Amino acid sequence: MIDTAHLDTLTQLLGRNTINQIRLEYIEDSHEKLAQLLQAWDTKDYSELKQVSHSLKSASLNMAMSVFAKQCQQIEQSASQHNEQGMQAIIDTLPSLHTLSLRALNEYFSDFD
């Protein structure tokens, strides 16, 4: 679900407090962006889908949420081609994948306490 080796490296480079603050900001931002993405899907706003999924992908990769980021990348690629085929299934599972990924991220950081 998450790339713990990547998080270990970030923690060593930036320090526990800094990476934890980044994580907290990511959590808030990703909830907002996920809502924007779902709204863009409802209105079939491909430009917004592409932009928001790209932003979510990049931020998620930075927080080592590789599985979630891969799904965002697939949405980004499909949106750039206005290709709805298969996108519905990804969109439908994205909120639960986001929740599971955040849970794994939180578990990683709970080891710090």
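Residues numbered from 1 in each chain as written. Predicted model: local features only at pLDDT ≥ 70, side-chain atom pairs only at ≥ 80, totals over all residues. Heavy atoms only, no water.

Counted by the stated rule, this structure contains 2 salt bridges. For the salt bridge of Lys33 with Asp29, the shortest nitrogen-to-oxygen distance reads 3.0 Å. Taken as a pair, Lys33 and Asp29 lie in helix 2 (residues 16-42) at a separation of 4 residues, close to a single helical turn. Residues Lys57 and Glu76 are paired through a salt bridge, measuring 2.9 Å at the closest nitrogen-oxygen approach. With Lys57 in helix 3 (residues 46-62) and Glu76 in helix 4 (residues 66-80), the pair connects residues that are 19 residues apart, well separated along the chain. Pair check on accessibility: Lys57 and Glu76 agree, each one buried. (Salt bridge = Lys/Arg side-chain N within 4 Å of Asp/Glu carboxyl O. Helix = DSSP H or I, 4+ residues; strand = E, 2+ residues; numbered from the N terminus. Buried < 20%, exposed > 50% of the residue type's maximum accessible area, 1.4 Å probe, protein only.)

Moving on: the nonpolar core. Ranked by size, the top nonpolar core spans 31 residues in total, and within it Leu7, Tyr26, Leu37, Leu49, Phe68, Ile75 and Leu105 carry the most contacts. Mapped onto this core, the elements with two or more residues apiece are helix 1 (4-14), helix 2, helix 3, helix 4 and helix 5 (87-110). Broken down by element, the residue count for this core peaks at 10 residues, all from helix 5. Setting aside chain neighbours within four positions, we find Ile75 in contact with Leu37, Leu49, Ser53, Met87, Ile90, Ile91 and Leu94. (Core = buried A, V, L, I, M, F, W, Y, C linked by side-chain atoms within 4.5 Å. Contact = heavy atoms within 4.5 Å.)

So, on to the side chain of His98. Among the secondary structure elements, His98 is positioned in helix 5. Residue class for His98 comes out buried when judged on its relative accessible area of 1%. Contacts of His98, omitting those with residues within four sequence positions, involve Tyr26, Ser30, His31, Leu34, Met65 and Phe68.

The N-to-C vectors of helix 2 and helix 3 enclose an angle of 155°; their axes lie 9 Å apart at closest approach. Comparing the axis directions of helix 2 and helix 3 gives the class roughly antiparallel. Read as a crossing pair, helix 2 and helix 3 show a hand that is left-handed. From helix 2, Tyr26, Ser30, Lys33, Leu34, Gln36, Leu37, Ala40 and Trp41 reach across to helix 3, where they touch Glu48, Leu49, Val52, Ser53, Ser55, Leu56, Ala59 and Ser60. In the contact of helix 2 with helix 3, the residues fall into 9 nonpolar, 5 polar and 2 charged. (Axes fitted to C-alpha atoms, helices over the stretch in contact; angles between N-to-C directions. Parallel < 35°, antiparallel > 145°, perpendicular 65-115°, else oblique. Left-handed = near helix turned anticlockwise from the far one by under 90°. Nonpolar A, V, L, I, M, F, W, Y, C, P; charged D, E, K, R; others polar.)

Nonpolar side chains collect at one region of the surface, where Met1, Val67 and Leu100 lie side by side and expose about 240 Å² of accessible area between them. The topology assignment puts Val67 in helix 4. Assessed through its relative accessible area of 36%, Val67 is described here as partly exposed. (Patch = residues over 30% accessible without salt bridge, like charges linked within 9 Å, V, L, I, M, F, W, Y side chains within 5 Å. Areas by Shrake-Rupley, 256 points an atom, 1.4 Å probe, with all protein chains shown as cover.)

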